[in-house]
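Observations on chain architecture
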Number of protein chains: 2
Amino acid sequence: MPAPPDPSRDLQARHAELRARYADLQARGLRLDMTRGKPSPEQLDLSEGLLALPGNRDHRAESGEDARNYGGVQGLAEVRALFSGVLGAPPEQIAVGNNSSLALMHDCIAYALLKGVPGGAAPWSREEIRFICPVPGYDRHFALCETYGIGMLSVPMTPRGPDMDAVEDLARDPAVRGMWAVPQYANPGGETYDDETVARLAGMATGAPDFRLFWDNAYALHHLTDRRPALRNILEACAAAGRPDRPLVFASTSKVTLAGAGLAFLAASPANLRWYLACAGKRSIGPDKLNQLRHARFLRDAGGLERLMEGHRRLLAPKFRAVTDALARALAGTGAARWSEPAGGYFVLLEVPDGCASRVVELAAGCGLALTPAGATHPYGRDPRDRTLRLAPSYPSLGEVEAAAEVIALCTLLAAAENRQAGGSGQVSG
Amino acid sequence: MPAPPDPSRDLQARHAELRARYADLQARGLRLDMTRGKPSPEQLDLSEGLLALPGNRDHRAESGEDARNYGGVQGLAEVRALFSGVLGAPPEQIAVGNNSSLALMHDCIAYALLKGVPGGAAPWSREEIRFICPVPGYDRHFALCETYGIGMLSVPMTPRGPDMDAVEDLARDPAVRGMWAVPQYANPGGETYDDETVARLAGMATGAPDFRLFWDNAYALHHLTDRRPALRNILEACAAAGRPDRPLVFASTSKVTLAGAGLAFLAASPANLRWYLACAGKRSIGPDKLNQLRHARFLRDAGGLERLMEGHRRLLAPKFRAVTDALARALAGTGAARWSEPAGGYFVLLEVPDGCASRVVELAAGCGLALTPAGATHPYGRDPRDRTLRLAPSYPSLGEVEAAAEVIALCTLLAAAENRQAGGSGQVSG
């Protein structure tokens, strides 16, 4: 256990001591990985029952259709009904995809680029277009924009959601066609958009008539505490504001059942859903309905879903606590860092003194801990202040998370001390 | 049973008799569907074992990786090895997708349109481009071109494959970027490309340096007889001709295991595979590896695959025989039709007198038999001579297929008789 931090001691003065402790950590020969928000094997074990389902002779959906055969591009009605509450949409406004909601987001962007969307005058690829990106955000969202040449306009996150003054300002540009949002337990900051933010997103004027809000509700069910946020229903809010076609709502069971073999969902207005199904129906004769049936058999109902998520919480909450406790023990009062204490989701956001994030990653790697590359939380992988780190405590064991958190705290202190020595403040900026 | 046809009687003279027999068929109140190449429930039952696999606690791939979790965009090594022979490529040149090879073809086209392909100067969407389409062909291939505004250039099929003089001529145009091919048991004609056709496709000069051959080997294993065609390996042929990046080879287990819950494959040159994986890795964190493991457990090895296909053949061959026997009984010597006797694949091609195909479909519908719409075998759904019909005998029971074949034969005769009465020849053209 590290000694409790003494706020009165100057970080610079502690440099030699920190260096010595770092050498000790190096000598431990750790091999730890906190790069990605992957469920742990114990979490996957919660859905072990899926592995032998649906079981022999069980291949009929409630409609009587044979889930083994071709067809059914929208997905099974009972699965759409089961996730209707999660998505905040009636079953007829939901489509079920294969195992990746990222793939559904990709496909919506690809169809928009190649074909255009309802309410638009032309395929998006005909012009230079841009997306609004709350920052820090999800690297795979940004990678989709980057790979297709969609410009990214950063907007800072606040505890209530993205800075809406900035969003409204940018949205007036007709070249701005979309915006990313992880509205609940945001990746990586853990923020949940408040009612006013949702209302402003639904009601704001946009320069483009075919503006689309990519509402990636990846963590709709992923609570770490008893405080359940009541995220306002974006489909209802937009419909009430007379803009029903603005949002595209995504979710998946990747962090509910099996990360690589779950179901993905799109919920949208009737016009958007017709558009999606027409495009998806050219791409494929239909999704894997047998995996849908498997999920229906395993989850059964909303109660089954709730109990499963409670199991995840029991496994995850101690890991998150281990991280934030270790950071508090080592860093409280030093001014060297600020971190989130998320009520849900998959990440802890750690902010360090400007210019220090990539050094923390480097130092951590030096004692066997792989962290998400600094900058990953920003468009083009560039954090202009090099101060943002995303910590992913889900996959390693609790013991490994505890060891990793100790490494992170020490590396942060050491980087801050180095920064101070080099003439910086060694303090995280406000 | 219809009376054996009398070649000497004029079709026109038989019109009243045919009309009376048609009225009898109508009175039977049939409800039959031969529209799509769907496996029958009995065929799906052959893979019943998949429904309880991989089974509890079995989630490790040979590499040790956990098939339940994220990752592995290329697919499990053991599955790539298992299908290496089918695809004619080493496992490292194979990627495994989710349940639809059509989706892989779509994605390759979408990536090419939005990003370009190796060897190309720009994304395909920057220009008006065209694909060569052997005709008759697969309607879903044509629909992909149509939805993305890719022009289609028809080339007639011959018993040896597409008319290669026409193909070589068209391929000289730099706007021609691709070509569809179902090289074995072609949809719908059943032809298998001969060695010279494959060699010419591999060796021909193309105006576009980034020309791609979309090699949809959908029926690689789908034999109906003991005569096994030896389709020349297109990847090897193109590599030998110094054009390794020309072909993109597709296959799936949709008609091997489960039509809606199988695996799809892409095999390609190292450069093409890197390109595909880089694009697919932006779209999704990886395919459903658990379904891959399920298939590895169920199929086991090439022998398992072979035995399974033998089971399909036992179910399918009698249905195909029922169709061609019924056509022969009713139509031989009348000159009113010509049909394929396929050695594999999923379709019987029926050619009727010019201008009669849509009338046959209409007449069949009138007595309760749904056929694929006339024109579906041609780009834009337009068969300029209105003479081509695709029959799909796989899904209905043998008894239903027998009844349907009788309907088709009679409707063909009746349409031909009507054609003769209206001043046509009533004869299928040469």
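If you look chain A up in an unreviewed UniProt entry, it shows as Aminotransferase/MSMEI_6121 from Methylobacterium crusticola.

**Quick word on the overall build of chain A**
If you tally the helices and strands in chain A, you get 14 helices and 13 strands. Taken over C-alpha atoms, the radius of gyration comes to 23 Å for chain A, in line with the 22 Å a tight globule of 430 residues would show. Considering only C-alpha atoms, chain A reaches an extent of 70 × 55 × 35 Å along its principal axes. Each of the 430 residues in chain A was classed as buried or not, and the buried ones make up 62%. Within chain A, contacts between residues separated by at least 24 positions form 77% of all contacts whose residues are at least 6 apart in sequence.

**Quick notes on the sheet that holds strand β11 (residues 348-351) of chain A**
Residues and elements named next belong to chain A. A sheet is described by the order of its strands in space; here three strands give the open sequence β10-β11-β13, paired in antiparallel fashion. The open sheet terminates on both sides in strands that have one partner only, identified here as β10 (338-339) and β13 (388-391). Note: β11 against β13, four bridges, orientation antiparallel. Each bridged residue has a counterpart across the sheet, and for E351 the counterpart in β13 is T388. Those strands touched by helix α12 (residues 302-331) are β10, β11 and β13, and its axis lies near 20 degrees from that of β11.

**Section: the layout of surface pockets**
In this structure, the largest pocket encloses a volume near 660 Å³. If you trace the largest pocket, you find 27 residues lining it, with S125(A), R126(A), L113(B), S125(B) and R126(B) closest to the centre. For the lining of the largest pocket, the secondary-structure elements that each account for two or more residues are α5 (101-115) of chain A together with α5 (101-115) of chain B. Considering every element that reaches the lining of the largest pocket, the biggest residue donor is α5(A), with three residues. Classifying every residue of the lining of the largest pocket gives 14 nonpolar, six polar and seven charged.

**Overview of the interface of chain B and chain A**
Every contact between the two is made by 58 residues of chain B and, on the other side, 58 residues of chain A. Roughly 4900 Å² is buried in total at the junction of chain B and chain A, and carbon and sulfur atoms are behind 53% of that figure. Among the residues of chain B in contact with chain A, R68(B), Y70(B) and R283(B) are the three that bury the most area, contributing 16% of the side total. Applying the counting rule to chain B against chain A returns 10 salt bridges. The partner of E48(A) in a salt bridge is R68(B), and the shortest N-O contact between them spans 3.2 Å. Where chain B touches chain A, the interface holds 26 residue pairs in polar contact (both at pLDDT 80 or more). Elements that contribute at least two residues to the side of chain B that touches chain A include exactly α2 (41-45), α5, α6 (139-147), α10 (270-283) and α11 (289-299) of chain B. Here the side of chain B that touches chain A takes nine residues from α5(B), the largest share from any one element. A class-by-class count of the residues in the side of chain B that touches chain A yields 25 nonpolar, 17 polar and 16 charged.

**Structural notes on the domain arrangement of chain A**
How big an interface is tends to be stated in terms of accessible area lost as the parts join. All names here are of chain A. Splitting chain A by domain gives domain 1 (7-43 + 306-421) and domain 2 (63-300). A C-alpha centroid distance of 30 Å is found between domain 1 and domain 2. The interface is formed by 28 residues belonging to domain 1 together with 34 residues belonging to domain 2. Interface area for domain 1 against domain 2, summed over the two sides, is near 2600 Å², with a carbon-plus-sulfur share of 61%. For the interface between domain 1 and domain 2, the tally reads four salt bridges. Of the charged contacts, one joins D139 and R390 as a salt bridge, the two residues approaching to 3.9 Å between their closest N and O atoms. Where domain 1 touches domain 2, the interface holds nine residue pairs in polar contact (both at pLDDT 80 or more). Residue assignment for the side of domain 1 that touches domain 2 shows that the elements contributing at least two residues are α12, β11 and β13. Looking at the side of domain 1 that touches domain 2 element by element, the count peaks at nine residues for α12.

**Focus on empty space enclosed by the protein**
Left-over empty space is what a probe sized like a water molecule reveals as it rolls over the atoms. With the rule as written, the count across this model stands at 11 cavities of 30 Å³ or more. Approximately 430 Å³ is the volume found for the largest cavity. Taken together, 32 residues form the lining of the largest cavity, with N98(A), R283(A), N98(B), A103(B) and R283(B) sitting closest to its centre. Looking at the lining of the largest cavity, the elements that each hand over two or more residues are β2 (94-97), α5 and α10 (270-283) of chain A together with β2 (94-97), α5 and α10 of chain B.

**Observations concerning the relation of the copies chain B and chain A**
You can overlay chain B on chain A at an RMSD of 0.0 Å; the transform is a turn of 180 degrees with a shift of 0.0 Å along its axis. A rotation of that kind, with that shift, is consistent with a two-fold axis. Of every C-alpha in chain B, the one belonging to A52(B) sits nearest the axis of rotation, 2.1 Å from it. When the interface residues of chain B are mapped onto chain A, 100% of them again fall at the interface, so both copies present the same face.

**Structural notes on unusual backbone geometry**
Geometrically, the link from V135(A) to P136(A) is a cis peptide bond, its omega value of 5 degrees lying close to zero. For P136(A), the location among the structural elements is in the loop between β3 (130-135) and α6 (139-147). Here the bond from N187(A) into P188(A) is cis, since omega is 5 degrees, no more than 30 degrees from zero. Considering the arrangement of structural elements, one finds P188(A) in the loop between β6 (176-181) and α8 (195-203). If you check the backbone angles, D386(A) has positive phi at about 45 degrees while not being a glycine. On the secondary structure map, D386(A) appears in the loop between β12 (369-371) and β13. The phi dihedral of Y185(B) is positive, around 50 degrees, even though this residue is not glycine. Assignment of secondary structure puts Y185(B) in the loop between β6 (176-181) and α8 (195-203).

**Notes on the confidence of the model for chain A**
Confidence in the prediction for chain A averages 96 pLDDT; 98% of positions are at 70 or higher. As a predicted assembly, this complex carries a pTM of 0.96 together with an ipTM value of 0.96.

**Remarks on the environment of A280(A)**
Residue and element names in this part refer to chain A. Along the polypeptide, A280 turns up in helix α10. Overall, the relative accessible area of 8% leaves A280 in the buried class. Taking C-alpha positions, A280 is 9.2 Å from C108, a pair spaced 172 residues apart along the chain. In this structure, A280 is in contact with V73 and Y111, ignoring residues within four places of it in sequence.

**A look at the side chain of Q292(B)**
Residues and elements named next belong to chain B. The residue Q292 is located in helix α11 in this model. Since its relative accessible area comes to 0%, Q292 is described here as buried. Contacts of Q292, omitting those with residues within four sequence positions, involve G75, L76, V79, V96, G97, L263 and P287.

**Concerning the environment of G303(A)**
All names here are of chain A. Within the secondary structure, G303 sits in helix α12. In this structure G303 comes out as partly exposed when scored by relative accessible area, which is 27%. Placed 293 residues apart in sequence, G303 and D10 show a C-alpha to C-alpha distance of 53 Å.

**Things to note about the packing of helix α12 (residues 302-331) of chain B against helix α14 (residues 398-421) of chain B**
Residue and element names in this part refer to chain B. Two numbers describe how α12 lies on α14: the axes approach to 9 Å, and their chain directions differ by 30 degrees. Taken as axis vectors, α12 and α14 run roughly parallel relative to one another. Viewed along their axes, α12 and α14 form a crossing whose handedness is right-handed. For the pair formed by α12 and α14, the contact residues are P318, K319, A322, V323, A326, L327, A330 and L331 on the first element and L398, V401, E402, A405, E406, I408, A409, T412 and L413 on the second. By residue class, the composition of the contact of α12 with α14 is 13 nonpolar, one polar and three charged.

Rules used in this analysis
Residues numbered from 1 in each chain as written. Chains lettered and ligands numbered in written order. Predicted model: local features only at pLDDT ≥ 70, side-chain atom pairs only at ≥ 80, totals over all residues. Heavy atoms only, no water. Helix = DSSP H or I, 4+ residues; strand = E, 2+ residues; numbered from the N terminus. Rg over C-alpha atoms; globule rule 2.2 N^0.38 Å. Buried < 20%, exposed > 50% of the residue type's maximum accessible area, 1.4 Å probe, protein only. Contact = heavy atoms within 4.5 Å. Pairing = 2+ DSSP bridges. Axes fitted to C-alpha atoms, helices over the stretch in contact; angles between N-to-C directions. 1 Å grid on protein atoms, 1.4 Å probe; cavity = no way out; pocket = protein on both sides within 12 Å on 5 of 7 lines; lining within 4 Å. Points joined across faces, edges and corners; volume = space filled by probe spheres on them. Nonpolar A, V, L, I, M, F, W, Y, C, P; charged D, E, K, R; others polar. Buried area = accessible area lost by both parts, 1.4 Å probe. Salt bridge = Lys/Arg side-chain N within 4 Å of Asp/Glu carboxyl O. Polar contact = N/O pair within 3.5 Å; in protein donor to acceptor, adjacent residues only side chain to side chain. Domains from an automatic or database assignment. Least-squares fit on C-alpha atoms with pLDDT ≥ 70 in both. pLDDT = per-residue confidence, 0-100. Parallel < 35°, antiparallel > 145°, perpendicular 65-115°, else oblique. Left-handed = near helix turned anticlockwise from the far one by under 90°.

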